[in-house]
Amino acid sequence: MKQVLIAGISGAIGHALATKLLQSDAELSIVGLCRDPSTVSLSGEQAGRVSLISWDAADSDSAKAVGERLAALLPVASGLDMVIYAAGILHGPGMTPEKRLEDLDAQAFAHAFAVNATGFAMLVQAISPWLRHRRFKRILAVSARVGSITDNGFGGWYAYRSSKAALNMLVRNLSIELPRKYRPVACVAVHPGTTLSPLSKPFTRSLAQLQVHSPEETAGNILRLAEGLHEDDNGTFLGWDGSVIPW
Ligand SMILES: NC(=O)c1ccc[n+]([C@@H]2O[C@H](COP(=O)([O-])OP(=O)(O)OC[C@H]3O[C@@H](n4cnc5c(N)ncnc54)[C@H](OP(=O)(O)O)[C@@H]3O)[C@@H](O)[C@H]2O)c1
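None of the values given here were measured: they were computed from a predicted structure. (Residues numbered from 1 in each chain as written. Predicted model: local features only at pLDDT ≥ 70, side-chain atom pairs only at ≥ 80, totals over all residues.)

### What to know about the site of the ligand
Okay, so step 1: Close contacts around the ligand come from 28 residues, with G11, R35, G88, S197 and L199 the closest.
Okay, so step 2: In terms of residue count, helix α1 (residues 12–24) provides more of the shell around the ligand than any other element does, three residues in total.
Okay, so step 3: Of the residues assigned to the shell around the ligand, the class counts are 15 nonpolar, ten polar and three charged. (Near = placed C-beta within 6 Å. Helix = DSSP H or I, 4+ residues; strand = E, 2+ residues; numbered from the N terminus. Nonpolar A, V, L, I, M, F, W, Y, C, P; charged D, E, K, R; others polar.)

And the structure:
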């Protein structure tokens with residue numbers, strides 16, 4: 001049976017990924033992480049193939065607790081075939097994407113880094129025993145094009161951009177270390193494309209000029225990309241359409 005872990009299963013993209021994966025393969029089961037599992041609704045049959053674990057990326061002990069819960073749910077020998085980090089934050093209480101230097105706030109920065117970057121690294125550390133098997137493993141960190149340093153022509157959104165750039169560096173670092181122990185593996189950063197979700201909602205006016213996808217379309221695009229991954233793609237930053245994005 002294929003085992004997939006989705007961090008951020010309560011989000012628009014994370015939930016659509018889970019639903020599509022479950023529809024596409026009756027043998028597949030999912031471990032879903034989110035802060036409040038009671039917010040995740042799935043149809044009866046699908047719910048039976050999803051184990052939910054509560055996890056808060058901003059809590060430094062949370063990833064370790066996920067490892068302990070996972071050990072009770074899934075034998076290490078079964079392994080995980082795919083890990084998708086779809087958690088992320090752009091705005092929230094005390095956090096608004098910054099337009100200028102005067103808007104910078106240290107706490108908002110720390111929170112953005114915890115959720116958008118550190119949470120990913122600590123989670124991979126916690127679940128690494130489940131990557132020891134010999135099947136091909138896909139590790140996808142849902143990043144954002146605005147995290148590309150090369151592509152930054154507009155500025156602003158300091159905490160979000162820099163935390164996604166940090167996430168990208170973590171992907172690159174892991175892409176160097178993971179194959180030493182867990183080959184075959186591909187660890188990539190993925191820009192999902194602009195997607196209607198609570199995260200993008202406050203920006204719908206500016207989104208009018210962009211191509212905007214539904215969460216279901218985005219999930220289809222990400223899963224197509226994941227399906228086509230090879231070991232050679234390890235350590236790349238890819239757009240939803242398969243294009244390579246400069247770091
Ligand atoms: N939507 C877009 O246009 C767009 C574009 C580029 C990149 N992205 C990226 O795509 C990913 C998914 O975003 P989305 O559009 O699906 O947004 P969303 O619906 O707002 O989902 C965000 C997810 O992050 C989780 N999260 C937030 N804070 C957390 C914390 N402290 N601990 C654990 N989980 C936390 C949320 O969980 P809770 O339910 O607990 O809040 C939710 O599952 C993000 O990484 C985002 O940066 C999105």
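### Concerning helix α5 (residues 158–182)
Each α-helix turn comprises 3.6 residues. Residues three or four places apart therefore point the same way.
Okay, so step 1: Between the first and last C-alpha of α5 there are 34 Å, a value that for 25 residues agrees with the 36 Å anticipated at 1.5 Å per step.
Okay, so step 2: At I176, α5 is deflected by roughly 30°, the largest bend along its length, and proline P179 occurs up to four residues later in sequence.
Okay, so step 3: What α5 keeps buried is the set A159, Y160, R161, S163, K164, A165, L167, N168, V171, L174 and L178. (Expected span 1.5 Å × (residues − 1). Bend = angle between axes of the 7 residues up to and from the residue. Buried ≥ 20, exposed ≤ 12 C-beta atoms within 10 Å, placed from the backbone.)

### Focus on unusual backbone geometry
Okay, so step 1: In this model, R183 is joined to P184 through a cis peptide bond whose omega is -5°.
Okay, so step 2: Positive phi, close to 50°, is recorded for W157, a residue that is not glycine.
Okay, so step 3: With respect to the helices and strands, W157 occurs in the loop between β5 (137–142) and α5.
Okay, so step 4: We classify W157 as buried; it has 21 C-beta atoms within 10 Å.

### Looking at the sheet that holds strand β2 (residues 29–34)
Okay, so step 1: An order of β3-β2-β1-β4-β5-β6-β7 is seen for the seven strands of this open sheet, with the pairing classed as parallel. Here the strands that pair on one side only, and so sit at the sheet edges, are β3 (50–54) and β7 (237–239). Each adjacent strand pair in this sheet contributes to an overall mean axis angle of 20°, direction not counted.
Okay, so step 2: Of the strand pairs in this sheet, β2 and β3 are connected by five bridges, and their pairing is parallel. Bridge pairing in β3 links L33 to I53.
Okay, so step 3: Here helix α3 (residues 62–73) sits on the sheet in contact with β2 and β3, set at roughly 155° to β3.
Okay, so step 4: Along the sheet, α5 contacts β5, β6 (185–191) and β7; its crossing angle with β6, the most-contacted strand, is approximately 165°. (Pairing = 2+ DSSP bridges. Axes fitted to C-alpha atoms, helices over the stretch in contact; angles between N-to-C directions. Contact = placed C-beta atoms within 7 Å.)

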